[in-house]
Amino acid sequence: MSNVVLLKSGLELIIQGEIAYFNYFWLRDNCETSWESSTQERTFDILAEADDLSPASVQVTDTFLEVIWCDGKQSRYALAWLKRWHQGENHGDLAVRTRQPWYADHYANMARFSYDEMMDAPNRVADWAEAMLDEGIALIQGMPNSETALQSLCEQFGVVRPSFSGYAFDVFSKAQPENLAYTSKALELHTDLPAEELAPGIQFLHCRTNDAEGGQSLFVDANAVATALQKSHPEYFRILTEYQVPFRYTTLRQDVRAKQRIIELDPINGEVSGINFSQHLADIFDFPQRDMDLFYPAFRKFGQMLQDPSYLMTFRLNAGECIVFDNHRIAHGRASYLEGSGARHLRGCYVDRGELRSAYRVLRAQHPVAADTIAWPQADEPGMAEVG
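Right, let's walk through the structure included here. In this text the structure is predicted, and so the values were computed from the model without any measurement.

This part takes up the overall build of the protein chain. Each helix and strand counted, the protein chain has nine helices and 20 strands in total. C-alpha extents for the protein chain along the principal axes are approximately 80 × 55 × 40 Å. Counting every position in the protein chain, which comprises 388 residues, the buried fraction comes to 47%. Distance between charge centres in the protein chain, computed from 34 positive and 54 negative side chains, equals 5 Å.

Encoded structure:
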C-alpha cells in the first residue's frame, strides 16, 4: 500500500512495517492544539465538527503524520506517539501495577516506613505508595501521639475522605457502643463500610495506646484468597462476582444501605480488584430462595478460606504504629482483649484509592527508580515490633 490510505471514517498508514488505522474524529480530537497547555485540559469541541469530517490532504514524513483538514486547520502527530496508541499501550499508567499476593508469613517482610521520612522525603512517599499498590498494606512507625499526626500522614496521599463516622474515628471500648469495634470483643474478618454506596479505599489505623492483654490484629490478603477460590471453585467464584449483596448500617441517627458484589473484577483485565465482605453489616439476603441454594455455599466457602491459617497474618499493633491498608483488598479483624487489662486506643480515617494512585503517578515520575531496587526495612530488631 502507499504511505497512507484515506478511507470513509479514518486513514491507514504504515508504522514500522505495521498497518495502523486511525479514526478521523479521534485524530482531530487529539491534535496538540486541542489542549490548554497550562492546565492540560481539552479546549477543542469535537461536537461542533461536521459529521463528514475528513482531511483535505495528508503527508507522512519519517517522523510525523501531517494533516490539513477540510476547514484549513492543520494537525501534526508524531509517528512514535501514534504507534503507542495503535498497539494498545495507551496512557502507560504508572499506577497500573501487578498485585503481589501475600500469605500468613508476610509480617516480617511487610513494607515499613517511618513517620518522619514520610513528612520529609517525597521519594520515600513514592516507595510507600508503590508498596500499597503492589501489596495493599504497609506499616508506618514512629507516629507522634497527637491529634494531628494521622491527618498529616493521610495527606501525603490526598485529602481525608469522610465516612458516615465523620472525618476520623476513635476505636476504644464504650459503655453504649454503636459498633462492635467499640467493645473488647473479637472482630471477625471484614472490609469496612460496604453499606456505603462506595466503600472507603485506603484505611489508616493509628495505634496511640495499646496496653491491653490480647487484641492481636488480623489481616488477610483477600484478593489472594479470591484468586485461590477461582481456581478451586470456579462456580462459587462466578456467583460471588455476580450476586448483589445487601449491606446495612443503622444507628439512632443513620440508616445506610447499599448493595455490593462480594468479589469485584477489574473491567480491563478480569483480575480480582476488590472485596466487600462483612458479616456484621450484611443485611438479610434478598435473593429468590432457590438462589440461596447456590449463594450460601459460595459465600460460606469464601469466608472459611479467609479464616484459613495459611492466609491469616497475626501481630500486635503497638503504640506509635499506623497500619495502612487497601480496604477493597485486605480483610482485617481483631482478637478479643481483656476488658480492664489496660488502655487500647486506635484512631482511624480513610483516603480514596484514586488519591493514592494520583500521588504515586506524580511522585514516581518525579523520583523514578530502577526496577527491583526498593528494599523494605525488615522486622529483625526486638524493639521494632512484637509478633503475637
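The next subject is the sheet that holds strand β2 (residues 10-15). Think of a sheet as strands paired side by side through backbone hydrogen bonds, with each pair either parallel or antiparallel. On the basis of which strands lie adjacent, the open sheet formed by three strands has the order β1-β2-β3 and antiparallel pairing. The open sheet is flanked by β1 (4-6) and β3 (18-23), the only strands paired with a single partner. Put simply, the sheet's adjacent strands are angled 20° from each other on average, direction ignored. Bridge analysis of β2 against β3 gives six bridges, and the strand direction is antiparallel. For L13, the partnering residue across the bridge sits in β3 and is A20. Helix α2 (residues 79-86) rests against β2 and β3 of the sheet, and its axis sits at about 85° to β3.

Moving on, we come to the sheet that holds strand β18 (residues 321-326). As summarised here, the arrangement of the six strands in space is β7-β8-β18-β11-β20-β9, forming an open sheet in which the pairing is mixed. Every interior strand has two partners, whereas the edge strands, β7 (112-114) and β9 (169-171), have only one. Across the sheet, the mean angle from the axis of one strand to that of its neighbour is 25°, orientation sign disregarded. Direction of pairing for β9 relative to strand β20 (residues 344-351): antiparallel, over a ladder of three bridges. Among the inter-strand pairings, V171 is bridged to a residue of β20, identified as L346.

This paragraph deals with the environment of V125. One can find V125 in helix α4 (residues 122-135). Along the chain, V125 and A56 lie 69 residues apart, while their C-alpha atoms are 50 Å from each other. Residues contacting V125, with those up to four places away along its chain left out, are M118, Q156, F157 and L363.

The subject of this paragraph is the packing of α4 against helix α9 (residues 353-366). One can describe the packing of α4 onto α9 by two numbers: an axis separation of 9 Å at closest approach and a directional angle of 135°. Relative to α9, the element α4 lies oblique. Considering how the two elements wind past one another, α4 and α9 form a crossing that is left-handed. Facing P122, N123, V125, A126, D127, A129, E130, M132 and L133 of α4, the residues of α9 in contact are L356, R357, Y360, L363 and R364.

It is worth spelling out α9 at this point. For α9, built from 14 residues, the straight-helix expectation of 20 Å at 1.5 Å per residue is met to within 8% by its first-to-last C-alpha distance of 20 Å. Looking at the buried side of α9, the elements it contacts are α4, β11 (202-210), β15 (263-265), β16 (272-275), β18 and β20.

Attention now goes to the packing of aromatic side chains. This structure, assessed with the given rule, holds 26 aromatic pairs. Measuring from ring centre to ring centre gives 5.8 Å for Y103 and Y311, while their planes differ by 40°; the resulting arrangement is tilted. Residue Y103 is located in the loop between α2 and β7, and its partner Y311 is located in the loop between α8 (289-306) and β17 (313-315); the two are separated by 208 residues in the primary sequence. Classification of Y103 as partly exposed rests on a relative accessible area of 39%. Relative to Y249, the ring of F164 lies with its centre 4.2 Å away and its plane at 15°, an arrangement referred to as stacked. Of this pair, F164 sits in the loop between α5 (149-154) and β9 while Y249 is found in strand β13 (residues 244-250), placing the two residues 85 residues apart along the sequence. Like Y249, F164 is buried.

Rules behind the numbers
- Residues numbered from 1 in each chain as written.
- Predicted model: local features only at pLDDT ≥ 70, side-chain atom pairs only at ≥ 80, totals over all residues.
- Heavy atoms only, no water.
- Helix = DSSP H or I, 4+ residues; strand = E, 2+ residues; numbered from the N terminus.
- Buried < 20%, exposed > 50% of the residue type's maximum accessible area, 1.4 Å probe, protein only.
- Lys, Arg positive; Asp, Glu negative; His and termini not counted.
- Charge placed at Lys NZ, Arg CZ, Asp CG, Glu CD.
- Pairing = 2+ DSSP bridges.
- Axes fitted to C-alpha atoms, helices over the stretch in contact; angles between N-to-C directions.
- Contact = heavy atoms within 4.5 Å.
- Parallel < 35°, antiparallel > 145°, perpendicular 65-115°, else oblique.
- Left-handed = near helix turned anticlockwise from the far one by under 90°.
- Expected span 1.5 Å × (residues − 1).
- Phe/Tyr/Trp six-rings, centres within 6.5 Å; stacked < 30°, edge-to-face > 60°.

Everything listed here is a matter of geometry and, on its own, says nothing about what the molecule does.
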